[in-house]
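Descriptive analysis of the structure
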Amino acid sequence: MKHASSSFRTAGSIAAIVITASVSSAQLTDVTQTPNLLNVGIKKSLLQEIGPGRGDVYTPGASLYLIERDPFRSIARGRQLFQRKFTQAQGLGPRKNDGLGDIHADPAVGAGLGDSCASCHSRPFGSAGVGGNVFTRPEGRDTPHLFGLGLKEMLADEITQKLRAQRAAAIADAANSGHDETVRLGAKGISYGLLTAHPDGTVDTSAVKGVDADLRVRPFFAQGKTVSIREFAVGAFKAELGLEAADSDLLSASSATDVTTPARMLLSGTQDTFEAPPVSSSLQDGDSDGVTDELPTSLVDHMEFYLLNYFKPAAGPMTSATQQGLATMRAIGCTQCHIPDLTIEHDRRVADVETTFDPANGNLYNRLYAVAKPLYVEVDDGSGLPTLKQPRRQPFVVERIFTDLRRHDLGIAFHERNFDGSVTTQFMTTPLWGVGSTAPYGHDGRSTTLEDVILRHGGEAQSQRDAFEQLAPAQKQELLAFLGALVLFAPPDTASNLAPAQKLDPLYPLEKHGSIDLSVLFLDPSDKE
C-alpha cells in the first residue's frame, strides 16, 4: 500500500500531452454524432461510455474497474454524462406520464423535459450549476446548484448514524434502568431536539426537531426528501429526461435490503425507505417509447461517483470588508443555522479541489485558481493491473458550507402550497456556498436579491432578520459583500494546478487559458473522454 503524494504528480503527464482548448458549454453532443472540424464535444459515444457494463475490478473499461483503478476517468465520464444531450433513439422522453396524471400525488408530472442534466443545472457554463424553475409546486421550484453534493451526502449520513446511535443507547439505558431515558440528540455541533426512550423499547419523538422521526437526515430537495445521490440521480433522469434506469442497487434497497454502492454509500433498505427505480429490468420498456435499457447501471455508477467527488464552490475576493461582513453575520445570529464549517469523519472522495480568488495564477475569465489534492491510497492487489485507488477515509473540514442540515420554519413568506391544498412549512437550511452566483433566491426563486431573501425571513429566524434590517448601511453592505464572495465557477474556464494558465502570451490564446483538466490524471491521458 502506498499513499498518493499531497499534490498530484502531474509533471510527467503534462509533459506527455498537449493541453487542448477546454469546452465551457453547459451542454455537449458527442463527436460521433455531430462531427466538427475542431473536434469539440464529448469524445466517446454513449456505447463507449457504457463499456462492458458494471463488470468488476478485473474487467477493463467496466464502471467498477474505472472507479477503483482509474477514478478520474470515471469522474470525467460522469461529467460528460451530465452534459450529454441525449437523443430519442437513446430513450430521451417522454415526460413523466407524458405530463398527464394526478399532480397531487406525483408533482413530477409537472417537471419539464430536458435533453441533458445541464438543461436545468447549467450555470455557470460547464458546471453542475443552477438553472430554471420547474412546475412541481404551484409557485414552482428553482433549480439548485449541485456543487459539493457529495460533501452534503456524507455529512447527512454521518449525522444520521450519530443520532441513531444515541437513540439505540437511550433504548438500552431505558431497558436496563426500568424507567424513561431522555437524551439530547445532536451531532457535529447541531441540535436535533430531545428523544425519550421507554423501558418497553418504544420511543417518543415528539420533541425531535429538524429531522423526521426515523432520525434520517435527507439532504436533497428543499423539503429534505431524498437520502442519496444515487436515488436523486435516477429519479431526475426519469422525471426530467424520461430516461429509465433498472438500477440494481436501488432495486435492492427499495426491497428492504442493505447494499453499498460503488461510491461506498450504504443504502440501508432495512432501516430506510428508498424509491424503487422506474423499471426493474433492463428488458422492460416502462415508458413505451420502444427503447429498453435506457440508462445502464454502469452509467449510474459513473454519475454517482462524479457527483460524490464534484467540486465545492469557490471563495471569491476576501477583503477586510468581507471578513467584517462574516463577523456581523455571527454577531446577529445568522450562523446559528448557517453554520460556516462542518467536519466529515470519513471522507469517501478520492480528491478535493480548493478554489480561491488568485489573480496571480488565475486567468482572464474569472481570476480564480483551483488546487486539486489527492485523498486516496494506492493498493497493489497483485493482479498485475493498475493499482487500486481507494479513499483514505480521513476527516475533512468542509469550509464555507453555511448550513445545519436540518429543517426550520422561516415564516409564512417561505411557506409553500402543494397541489393538494396542503402547505409545507419547514425546509432544509440552504447552504450558502455559491450564493453569490445563484440569484434568484428562495426554494421558489421569488426573491431577486440577497437582501430581499434575508428580509423575507421570519418564523424561527425573525430576530436575525430584524437585526439585519437594523444594521447600519455600511454593515449591511459588508455582510452582502461577504455573501457575494461565495461563488460558483466554470471548471473548464478555471486555471488549476492540473492545467495552469500559460503566461507566455500576453493575449492568452484560448488553448492556454488553463482549466481543471482531469484528463492529466487518467491512466492513459491520451485517451480522451
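Let me begin by describing the structure that accompanies this report.

Rules and cut-offs
The residue numbering used here restarts from 1 in each chain and proceeds along that chain's sequence as written. The model is predicted, so local features are restricted to residues of pLDDT at least 70 and side-chain atom pairs to those at 80 or more, both for listing and for counting; the totals for chains, interfaces and linings are taken over all residues. Only hydrogens and water are set aside when side-chain values are computed; all heavy atoms of the structure are taken into account. Numbering of helices and strands starts at the N terminus; helices are DSSP runs of H or I of at least 4 residues and strands are runs of E of at least 2. As defined in this context, the radius of gyration uses C-alpha atoms, and a globule is described by 2.2 Å times the residue total to the power 0.38. The buried label goes to any residue with under 20% of its type's maximum accessible area, the exposed label to any with over 50%, and the partly exposed label to all in between, with areas taken from a 1.4 Å probe on protein chains only. Contacts were defined at the residue level, with two residues in contact if any of their heavy atoms lie within 4.5 Å. Working definition of accessibility: Shrake-Rupley area with a 1.4 Å probe, residue cover restricted to the visible protein chains. This count recognises Lys and Arg as positive and Asp and Glu as negative, with His and chain-terminal groups excluded. Positions of charges follow a simple convention, taking NZ of Lys, CZ of Arg, CG of Asp or CD of Glu. By definition here, a helix of n residues has an expected span of 1.5 Å times n minus one. The pairing criterion for strands is at least two bridges between them, as found by DSSP. Fitted lines through C-alpha atoms serve as axes, helices being fitted only where they are in contact, and the angles separating the N-to-C directions of these axes extend from 0 to 180 degrees. Roughly parallel means an angle under 35 degrees; roughly antiparallel, over 145; roughly perpendicular, 65 to 115; everything else is oblique. Residue polarity is assigned by list, with Asp, Glu, Lys and Arg as charged and Ala, Val, Leu, Ile, Met, Phe, Trp, Tyr, Cys and Pro as nonpolar; anything else, Gly included, falls into the polar class. Each C-beta atom gives one direction from the helix axis, and the arc is the one those directions make. Each reported salt bridge corresponds to a side-chain nitrogen of Lys or Arg within 4 Å of a carboxyl oxygen of Asp or Glu.

All right, on to the overall build of the protein chain then. When you go through the protein chain residue by residue, the secondary structure sums to twelve helices and 21 strands. Its C-alpha radius of gyration of 23 Å places the protein chain within 12% of the 24 Å reference for a compact globule of 529 residues. Seen through its C-alpha atoms, the protein chain measures out along the principal axes to roughly 70 × 60 × 50 Å. Within the protein chain, the fraction of its 529 residues that count as buried is 53%. Contacts in the protein chain between residues at least 24 apart in sequence constitute 67% of all its contacts with a sequence separation of at least 6. Per element, the accessible surface of the protein chain, about 21800 Å² overall, is 54% carbon and sulfur. The centroid of the 49 positive side-chain charges in the protein chain is displaced by 4 Å from the centroid of its 64 negative side-chain charges.

This part takes up helix 6 (residues 229-241). Spanning 13 residues, helix 6 covers 17 Å between terminal C-alpha atoms, matching the ideal 18 Å at 1.5 Å per step. Of all 13 residues in helix 6, eleven are buried; the element is thus mostly enclosed. I229, R230, E231, F232, A233, V234, F237, K238, A239, E240 and L241 are the residues of helix 6 that are buried. As for helix 6, its buried residues are in contact with helix 5 (149-177), helix 7 (248-253), strand 8 (266-268) and helix 8 (297-308).

For the rest of this paragraph, the subject is the pairing of strand 12 (residues 368-374). Counting buried residues in strand 12 gives five out of seven residues, a clear majority hidden from the surface. Two strands pair when backbone bridges link them, and strand 11 (residues 351-357) and strand 12 are joined in this way by seven bridges, in the antiparallel orientation. Opposite T355, over in strand 12, you have A370 as the bridge partner. Bridge analysis of strand 12 against strand 21 (residues 495-496) gives two bridges, and the strand direction is parallel. Note that in strand 21 the partner of Y369 across the bridge is A495.

Inspection of the secondary structure assignment puts T328 in helix 9 (residues 320-331). A relative accessible area of 4% places T328 in the buried class. Once you skip the residues sitting within four places of it in the chain, T328 turns out to touch L471 and L479.

Between helix 9 and helix 12 (residues 473-484), the least distance of the axes is 7 Å, while the angle of their chain directions is 105°. Judged by the angle between their axes, helix 9 and helix 12 are roughly perpendicular. For the pair helix 9 and helix 12, the contacting residues are A321, T322, Q324, G325, L326, T328 and M329 in the first and E478, L479, A481, F482 and L483 in the second. Within the contact of helix 9 with helix 12, the residues separate by chemical class into seven nonpolar, four polar and one charged.

Let us look at unusual backbone geometry. For the bond running from G93 to P94, omega is -5°, close enough to zero to count as cis. Relative to the helices and strands, P94 is located in the loop between helix 4 (71-83) and strand 2 (133-134). Omega for the bond connecting A439 with P440 falls within 30 degrees of zero, at -5°, which places this linkage in the cis form. One can find P440 in the loop between strand 19 (427-428) and helix 10 (450-455). One non-glycine residue with positive phi stands out, namely R264, at about 65°. Residue R264 is classed as partly exposed on the basis of its relative accessible area, which comes to 24%. Unlike most non-glycine residues, L405 shows phi in positive territory, near 50°. On the secondary structure map, L405 appears in the loop between strand 15 (396-398) and strand 16 (407-408).

Its twelve residues give helix 12 an end-to-end C-alpha distance of 16 Å, which sits within 8% of 16 Å, the value for a rise of 1.5 Å per residue. Among the residues of helix 12, K476, L479, L480, F482 and L483 are the ones counted as buried. The arc that holds the buried residues of helix 12, viewed along the axis, is 155°, so those residues lie on one side. Exposed residues on helix 12 whose side chains face more than 90 degrees from its buried face are P473 and A474. Residues of helix 12 that are buried make contact with helix 9, helix 10, helix 11 (462-469) and strand 20 (486-487).

The final tally for this structure, using the stated rule, is 40 salt bridges. Residue D272 is joined to R216 by a salt bridge in which the shortest nitrogen-to-oxygen separation is 2.9 Å. One end of the pair, D272, is in the loop between strand 8 and helix 8; the other, R216, is in the loop between strand 6 (203-204) and helix 6, with 56 residues separating them in the sequence. Accessibility assignment for this pair places D272 and R216 in one class, buried. Between R349 and D347 there is a salt bridge, with the nearest N and O atoms lying 2.8 Å from each other. The residues R349 and D347 share a single accessibility class, namely buried. Each of the salt bridges in this network shares a partner with another, and the network as a whole consists of K312, D347, R349, D352, E354, E399 and R400.

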